Amino acid sequence: MIMDSMDPSRAFVRNVKRLIVKVGTAVVTRGDGRIALGRLGALCEQLKELNSGGYEVILVTSGAVGLGRQRLRYRRVANSSFADLQNPQDEFDGKSCASVGQSSLMALYDAMFSQSLLVSANMGLFYMQLDVTSSQLLVTDGIFRDTGFREQLSETVASLLELRVIPIFNENDAVSARKAPYEDSSGIFWDNDSLAGLLAMELKADLLVLLSDVEGLYSGPPSDPKSKLIHTYVKEKHRGEITFGDKSRLGRGGMTAKVNAATCAADSGIPVVITSGFATDNIIKVLQGERIGTLFHQDAHLWTLFGDQLGAREMAFAARECSRRLQALESQERSKILLDIADALEANESVIMVENEADVAAALEAGYEKSLVSRLALDPGKISGLAKSVRKLAEMEEPIGRALCRTELADGLVLEKTSCPLGVLLVVFESRPDALVQIASLAIRSGNGLLLKGGKDAKRSNKILHKVISSAIPDTVGDKLIGLVTSREEIPDLLKLDDVIDLVIPRGSNKLVSKIKSSTKIPVLGHADGICHVYVDKSANIDMAKRILHDAKIDYPAACNAMETIIVHKDLLSNGGLDEIVFELQREAVTLYGGPRASALLNIAEASSLHHEYSSMACTIEIVDDVFAAIDHIHHHGSAHTDCIITEDSEVAEIFLNQVDSAAVFHNASTRFCDGARFGLGAEVGISTSRIHARGPVGVEGLLTTRWLLRGSGQVVDGDKGVSYTHKDLPLHS
């Protein structure tokens, strides 16, 4: 069950054998007080999986009082006349509700654990056949004062667990001696949260999981957008910072009770995780080491850094504030920052190369593929090339505040549409440290704040590049303009900040891009694959075709704009053109895989998929009947990145250029030209295959939006009675 990508702070789960799961009333019941069968079913399925996997599972459950109240209300209605129902009804005694509800709740658990049960949930009807035996243990506060009882309890539970029975605990509220059982907090335990904590210590559990109706412990009420999820609770840091919201809507506890129970258990050496019981697999995820919920651990204070370390929200806010100061500068002042960065890169080239060489050495030692090592390395002269691109950005026309259109709405009332920064960008990229320089310089040129998360394999290179760039940013702007996120565990928090971060740009694998797109409400700009095609038409100049194919595949095979598929017109089979192309590529050690047609005709291995990005010295080749078949192939198997046609027939070329629906479409030119620097953009933040709002290589223009400026002289609408609209276009510069 344990994953290789386990969060370091959750490594203790490897040693978990016995765990206690506490489920609260707010999870067991719905908003109307009825049992939440779907959530309860998902809980039982998880416990079944753990039980079958060798874990010793103990359940502490709430919900008896709520279920009993529901059944008593039904009975009252069934036994009452219409006249009785018109009169005010007294509320039921809590002990009576508990007495009725305990048997009902246990019967429900027993049915779910032991039978094939049809359950109705939000996703519809489903069957569960769990075949698990459970047992009920009702306890009260006072009996824990008896040493003999505690010993017998431990023996009974051990015996049940050995038989693979799941013990289910609940406080016996029906015979509780409390004067006010829903308010009195005296005694050894006072609710099912504290009971779970007590049992964790008494039964020597390895882990306690407290299921709640929220994702974990927040710094404030979870409904407050400013509240942030606390992944690891540290008493010294968080005790005075947290503002608790309301208690549980149904039970006696709430987050305060959970925190008290969790703190007590953690101080005794038992790790505790508070997480949502609304998700269908959170208990499993906790035991897989995922960083979900809030962890309480006696060593937590040793893991957490204090002082200048910023959380996700603070980092994003700081970047926004710095970006506003950057926008307030004069154009030449912003340009000077870029020129200073270029100088700093060249001045620190030797230091940067030392750190990069350490990253490359570590990657080679770890056995990384050559394509990944190639992306990681900063080749000699690369730093000067990066500095040159930064200077080119500094020299470009000022992009911020540029008038895009001016309109006279009425006499003396002029509307202007101008360019402005998006705000705060979050860019997640893998392996390519040179990308950090390009992205940072583009963010500064466009006036945006920036948060960067690079791959762990380039951590030394990214750290030194970030340090060099930040050192060139003046104090009038602030060194928090560009934040470097060093832990991947911060990413989920950042992806939730749709009120602070304006655009996410993932640069990397299909898996990375797809995961980010599915994990955030923030707009995402990027591409998941770089499956670039070159179609060699029947009228192609074969010598030109060989040069272009050689460059598109071999110049930089790991690049996203490298060719991955060759499509060849069928006529090249008979005139020898295909043989020349195949010979040239094989001579350069390019491995060819065929489509269904080519593999048979050329006697080569068939490609596992026609939608495949090799990022290495390999590619797919397929044969088609004409340009329309080539276009159809690209639309079915491409990624809308960059596609090229090689032909001397201008009419066929225009058909290809106009009908291929990709971000970049070329005629008689290598796909490797699809690059921000080669397009004259200075640099690129990435290549977008999206259709909103930027497409292809994204430079400064893709990091800008617009706003409206209206200049008047006291005009009011007043139902449009006093306004004579002219709507006249004006010159951009008055």
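From a predicted model like this one, the values you see are computed outputs, not experimental measurements. (Residues numbered from 1 in each chain as written. Predicted model: local features only at pLDDT ≥ 70, side-chain atom pairs only at ≥ 80, totals over all residues. Heavy atoms only, no water.)

## Some points on the pairing of strand β20 (residues 618-624)
What counts here: Between buried and exposed lies partly exposed: a residue is buried under 20% and exposed over 50% of the maximum accessible area for its type, with that area taken using a 1.4 Å probe on protein chains only. Under the scheme used here, helices are H or I runs from DSSP no shorter than 4 residues and strands are E runs no shorter than 2 residues, and both carry numbers assigned from the N terminus. The rule for pairing is simple: two strands pair if DSSP sees at least two bridges between them.
By the criterion of burial, β20 is predominantly enclosed, with 7 of the 7 residues buried. Of the two faces of β20, the one holding Ala618, Thr620, Glu622 and Val624 and the one holding Cys619, Ile621 and Ile623 are both buried throughout. Of the pairings in the sheet, the one linking strand β18 (residues 563-569) to β20 comprises 5 bridges and is parallel in character. By the bridge assignment, Ile567 is partnered in β20 with Glu622. Pairing between strand β19 (residues 591-594) and β20: 4 bridges, direction parallel. Counted as the bridge partner of Gly594 is Ile621 from β20.

## With respect to the sheet that holds strand β15 (residues 482-484)
Filter applied, for reference: Axis lines are fitted to C-alpha atoms, over the contacting stretch for helices. Their N-to-C directions set the angle, which ranges from 0 to 180 degrees. We call two residues contacting when some pair of their heavy atoms lies within 4.5 Å.
Taking strand neighbours across the sheet as the criterion, the 4 strands line up as β15-β14-β13-β16 in an open arrangement whose pairing is parallel. With partners counted over all chains shown, the strands left at the sheet margins are β15 and β16 (503-507), one partner each. For this sheet, the mean inter-axis angle between neighbouring strands, taken without regard to orientation, is 15 degrees. Sheet analysis places strand β13 (residues 424-429) next to β16, joined by 5 bridges and oriented parallel. Among the inter-strand pairings, Val427 is bridged to a residue of β16, identified as Ile505. Here helix α12 (residues 312-327) sits on the sheet in contact with β13, β14 (449-453) and β15, set at roughly 140 degrees to β14. In the packing of helix α20 (residues 510-517) onto the sheet, the strands contacted are β13 and β16, and the crossing angle to β16 comes to about 160 degrees.

## Structural notes on the packing of aromatic side chains
Cut-off, in case you're wondering: Centres within 6.5 Å are what make two rings of Phe, Tyr or Trp a pair, Trp counting through its six-membered ring; a difference in plane orientation under 30 degrees is then read as stacked, over 60 as edge-to-face, and the rest as tilted.
Going through the model one piece at a time under the given rule, you end up with 6 aromatic pairs. Note on Tyr535 and Phe656: the rings are 6.3 Å apart at their centroids and 20 degrees apart in plane angle, and the pair reads as stacked. Of the two residues, Tyr535 is situated in strand β17 (residues 532-536) and Phe656 in helix α25 (residues 650-659); the sequence distance between them amounts to 121 residues. Since its relative accessible area comes to 0%, Tyr535 is described here as buried.

## Concerning the confidence of the model for the protein chain
Stated formally: Each residue carries a pLDDT score, the predictor's confidence in it, ranging from 0 to 100.
The predicted model of the protein chain averages 87 in pLDDT, with 90% of residues at 70 or higher. Counting contacts from residues 119-125, a segment whose pLDDT is below 50, to residues more than four positions away or on other chains yields 13 contacts. Predicted confidence for residues 304-309 stays below pLDDT 50, and this span has 6 contacts to residues more than four positions away or in other chains.

## Quick word on helix α14 (residues 349-365)
The condition that has to hold: In this analysis, the expected span of each helix is defined as 1.5 Å times one less than the number of residues it contains. The arc refers to the directions leading from the helix axis to the C-beta atoms.
Its 17 residues place the ends of α14 24 Å apart at the C-alpha level, agreeing with the 24 Å of an ideal helix rising 1.5 Å per residue. Taken residue by residue, α14 has Ile352, Met353, Asn356, Asp359, Val360 and Ala363 as its buried positions. The buried residues of α14 occupy an angular sector of 125 degrees when the element is viewed end-on, so they sit on one face. For α14, exposure combined with an orientation more than 90 degrees from the buried face picks out Ser350 and Glu365. Looking at the buried side of α14, the elements it contacts are α13 (331-347), α15 (370-376), α16 (382-395), α17 (433-446) and α18 (459-471). Residue Gly367 follows α14 closely and has a positive phi angle near 80 degrees.

## Notes on helix α9 (residues 255-267)
Between its terminal C-alpha atoms α9 stretches 18 Å, which fits the 18 Å expected from 13 residues at 1.5 Å a residue. Within the sequence span of α9, burial applies to Met255, Ala257, Lys258, Val259, Ala261, Ala262, Thr263, Ala265 and Ala266. The first or second residue beyond α9 is Gly269, which carries a positive phi of 95 degrees.

## Regarding unusual backbone geometry
Note that the residue after Ile692, namely His693, is joined by a cis bond; omega there is 0 degrees. Mapping His693 onto the fold places it in the loop between β23 (686-688) and β24 (696-698). Phi angles above zero are rare outside glycine, and Ala589 is one such case at about 70 degrees. Relative to the elements of secondary structure, Ala589 occurs in the loop between α22 (577-587) and β19. Overall, the relative accessible area of 54% leaves Ala589 in the exposed class. In this structure, Ala640 is a non-glycine residue whose phi angle is positive, near 60 degrees.

## Here's the deal with the pairing of β16
For β16, the tally of buried residues reaches 5 of 5 residues, placing the bulk of the element in the interior. Burial of β16 is two-sided: the residues Leu503, Ile505 and Arg507 facing one way and the residues Val504 and Pro506 facing the other way are all buried.

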